[in-house]
Amino acid sequence: MSALVDSHAHVQMRQFDADRAEVIAAAFAAGVAQMVAPGVDGETSALAISLAEQYPGRIFAAVGTHPHDATTLTSAALARQRELARSPHVVAIGEIGLDYYRNLSPRETQRDAIVRQFALARELDLPVILHNRESHSDMVELLRSEGRGLRGVFHCFIGDQAMAQDALDLGFYLSFAGPVTYPKNTELAAVAAWAPLDRMLVETDCPYLTPTPYRGQRNEPRHVAQVARRIADLRGSTLEQLAEATARNSAALFRLPPPPENGD
Ligand SMILES: [Zn+2]
Ligand SMILES: [Zn+2]
């Protein structure tokens, strides 16, 4: 079957320190050809690049400061992020965004951090990976006022059809994660059934957001197949078609090379 791309897998994080090589090997064995590992701060961005160096053509890095960590994005940290982002293994700036659900950084600081990282993405001609939680109207307004010329993805999209349309109108992709597999999320299921196939990605956001039927366990990149299968079911399509389309979309957005033919 067609190979899957996990567009958002934090495989560099400490939750995988004990068995990272096994988790990655299991993902490849399960048909995951490539994955993008986003940073959330300076340390996890650097770790993502190190991991990408170990798996060339298979794992790619994104560098960014998450809204939770927005207070850490000093001008020195941003300069360091710019240096990291020049690595040939880096395919995006992310994850960056707004999170008004947990508010772990003040909202004003979050907005300042995302705007400065928009500028970095534009400077380096990289797409952005957006985290957007309970902050949709501010996100859309910021993209309209400060995000001109940017391309990217709303990662772990959660919302209704109008919110999805906003993202599509801005030229962005929608990436679906574990929540689309949760039976109670009927609104999100409807969006996944309706969204244009050429604008959809799939992801795990591992180690978080474990899809059905593995909830309660640590999430892993191999479980991206559950997300793709669920969306295929919702659309009356096949896993093969979903895998092929979302892999093609990931390659287009992140400018990924074709996966190596065989071996790791
Ligand atoms: Zn996120
Ligand atoms: Zn994430």
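Remember, predicted model here, so these are calculated numbers, not experimental data.

S.K.: Would you mind going over the overall build of the chain with me for this structure?
M.R.: Each helix and strand counted, the chain has nine helices and eight strands in total. Radius of gyration (C-alpha) of the chain: 17 Å, near the 18 Å computed for a compact globule of 264 residues. Seen through its C-alpha atoms, the chain measures out along the principal axes to roughly 45 × 40 × 35 Å. The buried share of the chain, reckoned over its 264 residues, is 55%. Within the chain, contacts between residues at least 6 apart in sequence are counted, and of these 74% link residues at least 24 apart. Surface summary for the chain: the accessible area is close to 10,900 Å², and the carbon and sulfur share equals 49%.

S.K.: Help me out: how do you make sense of the sheet that holds strand S1 (residues 4-6) in this one?
M.R.: By way of backbone hydrogen bonds, the strands of a sheet pair with one another, either parallel or antiparallel. On the basis of which strands lie adjacent, the open sheet formed by eight strands has the order S1-S2-S3-S4-S5-S6-S7-S8 and parallel pairing. Strand pairing shows two members of the sheet lacking a second neighbour, S1 and strand S8 (200-202), which therefore form its edges. Taking each pair of neighbouring strands and ignoring which way they run, the sheet shows an average axis angle of 25°. Both S1 and strand S2 (residues 32-38) contribute to a ladder of three bridges, which runs parallel. Within S2, the position partnered with Asp6 by the bridge is Met35. Seen against the sheet, helix H4 (residues 107-124) touches strand S4 (90-99) and strand S5 (128-133) and runs at an angle of roughly 160° to S4.

S.K.: Mind showing me how you'd approach the coordination of the zinc ion (ligand 1) here?
M.R.: For a metal bound by four donors in tetrahedral geometry, the ideal donor-metal-donor angle is 109.5 degrees, whereas six donors in octahedral geometry ideally sit at 90 or 180 degrees. Within the protein, Glu95 (OE), His131 (ND1) and His155 (NE2) serve as the donor atoms for the zinc ion (ligand 1), at 2.0 to 2.1 Å. Between the zinc ion (ligand 1) and the zinc ion (ligand 2), a separation of 3.5 Å is found, and both are coordinated by Glu95. With His131 in strand S5 and His155 in the loop between strand S6 (152-154) and helix H6 (161-169), this pair connects stretches of sequence that are 24 residues apart. Each member of the pair, His131 as well as His155, is classed as buried.

S.K.: Explain helix H3 (residues 75-85) here, please?
M.R.: An α-helical turn contains 3.6 residues, so a residue and the one three or four places further along point in the same direction. Regarding H3, the residues found buried are Leu78, Gln81, Leu84 and Ala85. On an axial view of H3, the arc spanned by its buried residues comes to 115°, and they lie on one face. Of the exposed residues in H3, those oriented more than 90 degrees away from the buried face are Ser75, Ala76 and Glu83. Where H3 is buried, its residues meet helix H2 (42-54), strand S3 (59-63), S4 and H4.

S.K.: Please explain the pattern of salt bridges as it appears in this structure.
M.R.: Between side chains of opposite charge, a pair can form as their charged atoms come close. The tally for this structure, following the rule as stated, stands at 13 salt bridges. Arg222 is the salt-bridge partner of Glu220, the closest N and O atoms lying 3.0 Å from each other. Since its relative accessible area comes to 30%, Arg222 is described here as partly exposed. Each of Asp19, Arg218, Glu220 and Arg222 takes part in one network of salt bridges that share partners.

S.K.: For this particular structure, what's the right way to read the nonpolar core?
M.R.: Core analysis: the largest hydrophobic core is formed by 67 residues, its most contacted members being Leu130 and Phe176. In terms of nonpolar packing, the next biggest core, distinct from the first, is built from 14 residues, Val91, Val153, Tyr173 and Phe254 among them.

The rules behind the values
- Residues numbered from 1 in each chain as written.
- Chains lettered and ligands numbered in written order.
- Predicted model: local features only at pLDDT ≥ 70, side-chain atom pairs only at ≥ 80, totals over all residues.
- Heavy atoms only, no water.
- Helix = DSSP H or I, 4+ residues; strand = E, 2+ residues; numbered from the N terminus.
- Rg over C-alpha atoms; globule rule 2.2 N^0.38 Å.
- Buried < 20%, exposed > 50% of the residue type's maximum accessible area, 1.4 Å probe, protein only.
- Contact = heavy atoms within 4.5 Å.
- Areas by Shrake-Rupley, 256 points an atom, 1.4 Å probe, with all protein chains shown as cover.
- Pairing = 2+ DSSP bridges.
- Axes fitted to C-alpha atoms, helices over the stretch in contact; angles between N-to-C directions.
- Donors = N, O, S within 2.8 Å, 3.2 Å for Na, K, Ca; no water.
- Arc of directions from axis to C-beta.
- Salt bridge = Lys/Arg side-chain N within 4 Å of Asp/Glu carboxyl O.
- Core = buried A, V, L, I, M, F, W, Y, C linked by side-chain atoms within 4.5 Å.

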